[in-house]
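Given next are the chains, with one letter for each unit.
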Amino acid sequence: HAYCVSAAGSRYLIASTTEQKVVIMVCRHKPTAPELRDLVAQYAHWLAGHDGRYLALPDTDLRGVDLRGADLRCAHLRGADLRGADLTGADLRVTCLLGADLRGADLTGADLRNTCLLGADLTGADLTGADLTGADLTGADLTNTKGHTP
């Protein structure tokens, strides 16, 4: 079943099954730093096999957020606006970043193995030390990226 909840002015759709809860942000405004920290923490519990929530923030405004070192493996961030976000050392393995806007994002040392970056805009992003092994960069804009040689 599914139901909507509000938290600090944000609306989330929560779909639950006997195995997991899935949280999808349905509004397109930028979540506050505490909201984002809470969602990432709940996702970490879900990844660890505990009662937590899957992280799905499609088409969400995440400009300039601080996600340094965050474990975002397998998260759904399709079309997210991550311009100027700090993703230094983040674990983004197998994450869906299809069509995401990562212009000017700091991905220094990020783990992007097997990540879907189809059509993503990485213009001016810092990829120094990032692991892009197996990442799908089809149609991605890598103009003026740092630390990456196509």
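Counting from 1, residues in each chain are numbered in the order their sequence is written. Whole-chain, interface and lining totals are the exception, using all residues; otherwise, since this is a predicted model, local features are given only for residues with pLDDT of at least 70 and side-chain atom pairs are given and counted only at 80 or more. Working from all heavy atoms in the structure, the side-chain values ignore hydrogens and water.

Some points on the pattern of salt bridges
In step 1: Any Lys or Arg side-chain nitrogen located within 4 Å of an Asp or Glu carboxyl oxygen qualifies as a salt bridge. Scanning all chains against the criterion turns up 14 salt bridges.
In step 2: For Arg83, the salt bridge goes to Asp81, with nearest N and O atoms at 2.5 Å.
In step 3: For every residue, the accessible area obtained with a 1.4 Å probe (protein chains only) is divided by the maximum for its type, and the residue is called buried under 20%, exposed over 50%, and partly exposed between those limits. On the basis of relative accessibility, which here comes to 30%, the residue Arg83 falls in the partly exposed class.
In step 4: A relative accessible area of 16% means that Asp81 is categorised as buried.
In step 5: Its salt-bridge partner being Arg83, residue Asp101 comes within 3.6 Å of it at the nearest N-O pair. With Asp101 in the segment after strand S4 (53-56) and Arg83 in the segment after S4, this pair connects stretches of sequence that are 18 residues apart.
In step 6: The exposure class of Asp101 is buried, given its relative accessible area of 15%.
In step 7: Each of Asp61, Arg63, Asp81, Arg83, Asp101, Arg103 and Asp121 takes part in salt bridges that share partners, so that together they form one network. Where helices and strands are cited, they refer to DSSP runs of H or I of at least four residues and of E of at least two residues respectively, numbered from the N terminus.

Regarding the confidence of the model for the protein chain
Caution is warranted with low-pLDDT regions, since their predicted coordinates should not be read in detail.
In step 1: For the protein chain, the average pLDDT comes to 82, and 78% of its residues sit at 70 or higher.
In step 2: With pLDDT under 50 throughout, residues 1-18 is counted as low confidence; its partners more than four residues away or in other chains account for 44 contacts. Values of pLDDT, ranging from 0 to 100, describe the predictor's confidence in every residue of the model. Two residues qualify as a contact provided that any one of their heavy atoms is within 4.5 Å of a heavy atom in the partner residue.

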